[in-house]
Amino acid sequence: MTSPERNPHPTEDPTGPPVGQPVGEEPTAGQPRRSGLRNPERAVRGLGAGTLTLEALVLLLAIQPIRVVGGDLGGAAIGAVVALAVAAVVLAGMMRRQWAWNAGTVLQGLLLLGGLLHWSLLGLGIIFALVWAYALHVRRVILG
């Protein structure tokens, strides 16, 4: 007696709809393609919050090396860096709000302007502006 053949991919049924597509619904040309995520909005918020949190951490950790290597980083410049880091943390916690994405973009511009205080802040501003632009791109692709 032979055992019945088992499907090695139990979630895929070759006779049914593709995985993730509701039964009885056919994809139409006018509908956007689903991302496959259970909660795409939450995933995108996590990406934005993680990016801003990482930015805040890097800004705070960069203060001492900039002072030691770069020199002319006075109290006002350190205060500006700390204020940018605090703003990044606050925005990371507010990513549920639509305006937080625009505020994050403004934050990247302010960090780029920090390059007037010290050249290394311009370097960090360029790096994080590119990372933020990528996060915005991923948000647009996932949410449509």
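The notes below deal with the structure included here.

1. Structural notes on the nonpolar core
- The biggest cluster of nonpolar side chains holds 25 residues, and the ones touching the most others in it are Leu52, Leu59, Met95, Leu107 and Leu124.
- Listed by contribution, the elements that provide at least two residues to this core are helix H1 (40-70), helix H2 (75-93), helix H3 (99-113) and helix H4 (119-143).
- For this core, the element with the most residues is H1, which contributes eight residues.
- Sequence-distant contacts of Leu59, defined by excluding residues within four places in its chain, comprise Val81, Leu84, Ala85, Leu111 and Leu124.

2. Things to note about the packing of H2 against H3
- With their axes 10 Å apart at the nearest point, H2 and H3 run at an angle of 165° to one another. By the angle between their directions, the pair H2 and H3 is classed as roughly antiparallel. Our pair here, H2 against H3, has a crossing hand that is left-handed. Side by side, H2 and H3 meet where Leu84, Ala87, Ala88 and Leu91 of the first sit next to Trp99, Ala100, Ala103, Gly104, Leu107, Leu110 and Leu111 of the second.
- A breakdown of the residues in the contact of H2 with H3 according to their chemical character gives ten nonpolar, one polar and no charged.

3. With respect to H3
- With 15 residues, H3 ought to run about 21 Å at 1.5 Å a step, and its terminal C-alpha atoms sit 21 Å apart, in line with that.
- Every buried residue of H3 is accounted for by Ala100, Trp101, Gly104, Leu107, Gln108 and Leu111. Viewed along the axis of H3, the buried residues span an arc of 105°, placing them on a single side of the element. Seen from the open side of H3, the exposed residues pointing more than 90 degrees away from its buried face are Asn102, Val106 and Leu113.

4. Remarks on a nonpolar patch on the surface
- Together, Leu60, Val82, Val86 and Val90 line one region of the surface with nonpolar side chains, adding up to about 310 Å² of accessible area.
- A total of three residues in the nonpolar patch trace back to one element, the largest contributor, which is H2.
- Residue placement: Leu60 occurs in helix H1.

Rules used in this analysis
- Residues numbered from 1 in each chain as written.
- Predicted model: local features only at pLDDT ≥ 70, side-chain atom pairs only at ≥ 80, totals over all residues.
- Heavy atoms only, no water.
- Core = buried A, V, L, I, M, F, W, Y, C linked by side-chain atoms within 4.5 Å.
- Buried < 20%, exposed > 50% of the residue type's maximum accessible area, 1.4 Å probe, protein only.
- Helix = DSSP H or I, 4+ residues; strand = E, 2+ residues; numbered from the N terminus.
- Contact = heavy atoms within 4.5 Å.
- Axes fitted to C-alpha atoms, helices over the stretch in contact; angles between N-to-C directions.
- Parallel < 35°, antiparallel > 145°, perpendicular 65-115°, else oblique.
- Left-handed = near helix turned anticlockwise from the far one by under 90°.
- Nonpolar A, V, L, I, M, F, W, Y, C, P; charged D, E, K, R; others polar.
- Expected span 1.5 Å × (residues − 1).
- Arc of directions from axis to C-beta.
- Patch = residues over 30% accessible without salt bridge, like charges linked within 9 Å, V, L, I, M, F, W, Y side chains within 5 Å.
- Areas by Shrake-Rupley, 256 points an atom, 1.4 Å probe, with all protein chains shown as cover.
- Salt bridge = Lys/Arg side-chain N within 4 Å of Asp/Glu carboxyl O.

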